[in-house]
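# Working through the structure, step by step
The residues making up each chain are set out below.
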Amino acid sequence: ICNVYKIQKKDSDEFFAAKFLQFDLKDMTEPQKMNLIREIDIIKGKHPSIIEFSGFGIIDYEEEKRSVIMTKYMSNCSLIDVIESMHHHRWMIHK
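Residues numbered from 1 in each chain as written. Predicted model: local features only at pLDDT ≥ 70, side-chain atom pairs only at ≥ 80, totals over all residues. Heavy atoms only, no water.

## Details of the overall build of the protein chain
Helix and strand counts for the protein chain come out as 2 helices and 4 strands. Seen in sequence order, the protein chain has helices and strands lined up from the N terminus as β-β-α-β-β-α. A buried classification covers 18% of the 95 residues belonging to the protein chain. In the protein chain, the share of contacts with a sequence separation of at least 24, taken over all contacts with a separation of at least 6, comes to 36%. Only carbon and sulfur atoms are counted for the fraction: they give 57% of the accessible area of the protein chain, which is about 7900 Å². (Helix = DSSP H or I, 4+ residues; strand = E, 2+ residues; numbered from the N terminus. Buried < 20%, exposed > 50% of the residue type's maximum accessible area, 1.4 Å probe, protein only. Contact = heavy atoms within 4.5 Å. Areas by Shrake-Rupley, 256 points an atom, 1.4 Å probe, with all protein chains shown as cover.)

## Details of a nonpolar patch on the surface
A cluster of nonpolar side chains, contributed by I42, I50, I51 and M74, occupies part of the molecular surface with about 330 Å² of accessible area. Exposure remark for M74: the relative accessible area of 46% places this residue in the partly exposed category. (Patch = residues over 30% accessible without salt bridge, like charges linked within 9 Å, V, L, I, M, F, W, Y side chains within 5 Å. Salt bridge = Lys/Arg side-chain N within 4 Å of Asp/Glu carboxyl O.)

## What about the sheet that holds strand β1 (residues 2-8)?
The strand order across the open sheet formed by 4 strands is β1-β2-β4-β3, and the pairing between neighbours is antiparallel. Looking at the sheet topology across the chains shown, the edges are occupied by β1 and β3 (53-57). Within this sheet the neighbouring strands show an average axis-to-axis angle of 20°, counted without direction. When strand β2 (residues 15-21) meets strand β4 (residues 68-72), the two strands line up antiparallel, connected through 5 bridges. Its bridge partner being in β4, A17 is matched across the sheet by T71. (Pairing = 2+ DSSP bridges. Axes fitted to C-alpha atoms, helices over the stretch in contact; angles between N-to-C directions.)

## Structural notes on the side chain of T71
Counting through the fold element by element, T71 comes out in strand β4. In this structure T71 touches F16, A17, I43, I51, E52, F53 and S54, once residues within four positions along its chain are discounted.

## Details of the packing of aromatic side chains
Taken as a whole and judged by the stated rule, the model has 1 aromatic pair. When the ring centre of F15 is taken as origin, the NZ or CZ atom of K6, which lies over that ring, is 4.4 Å away. (Phe/Tyr/Trp six-rings, centres within 6.5 Å; stacked < 30°, edge-to-face > 60°. Lys NZ or Arg CZ within 6 Å of the ring centre and 35° of its normal.)

## Re helix α1 (residues 30-44)
Between its terminal C-alpha atoms α1 stretches 21 Å, which fits the 21 Å expected from 15 residues at 1.5 Å a residue. Among the residues of α1, those classed as buried are L36, I40 and I43. Seen along its axis, α1 keeps its buried residues to an arc of 75°; they face one direction. For α1, the exposed residues lying more than 90 degrees away from the buried face are E30, P31 and I42. Close packing links the buried residues of α1 with β2, β3 and β4. (Expected span 1.5 Å × (residues − 1). Arc of directions from axis to C-beta.)

## Remarks on the confidence of the model for the protein chain
Averaged over the protein chain, the pLDDT score is 77; the fraction of residues at 70 or greater is 77%. No element of the protein chain has a lower mean pLDDT than helix α2 (residues 79-90), which averages 64, and none a higher one than β2, which averages 86. (pLDDT = per-residue confidence, 0-100.)

## Comments concerning the nonpolar core
Core analysis: the largest hydrophobic core is formed by 6 residues, namely L21, M28, L36, I40, I43 and I69. In terms of residues, this core owes the most to one element, α1, which gives 3 residues. In contact with I69, other than residues within four places in its own chain, are A17, A18, K19, L36, E39, I40, I43, F53, G55 and F56. (Core = buried A, V, L, I, M, F, W, Y, C linked by side-chain atoms within 4.5 Å.)

Here is the structure:
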């Protein structure tokens, strides 16, 4: 379970997406830890179809012990928008 927020770097106009997990790493089950590691490994890979990884931390902006995954912020659409657009264009009928 997580929340994702748009955040701005203090000393620039650069924006990021920050995914905050709702619990401390020490409270995670082994399967949850493995899923987190897999997610980080996937987004750390350089691929044009995967959003750019910016960082990972275990303490959030309020000094609470929560995992935070940061990625480049992509404006103007969500993943579901992209998927629906691809699906729509793939099956469009032209007369």
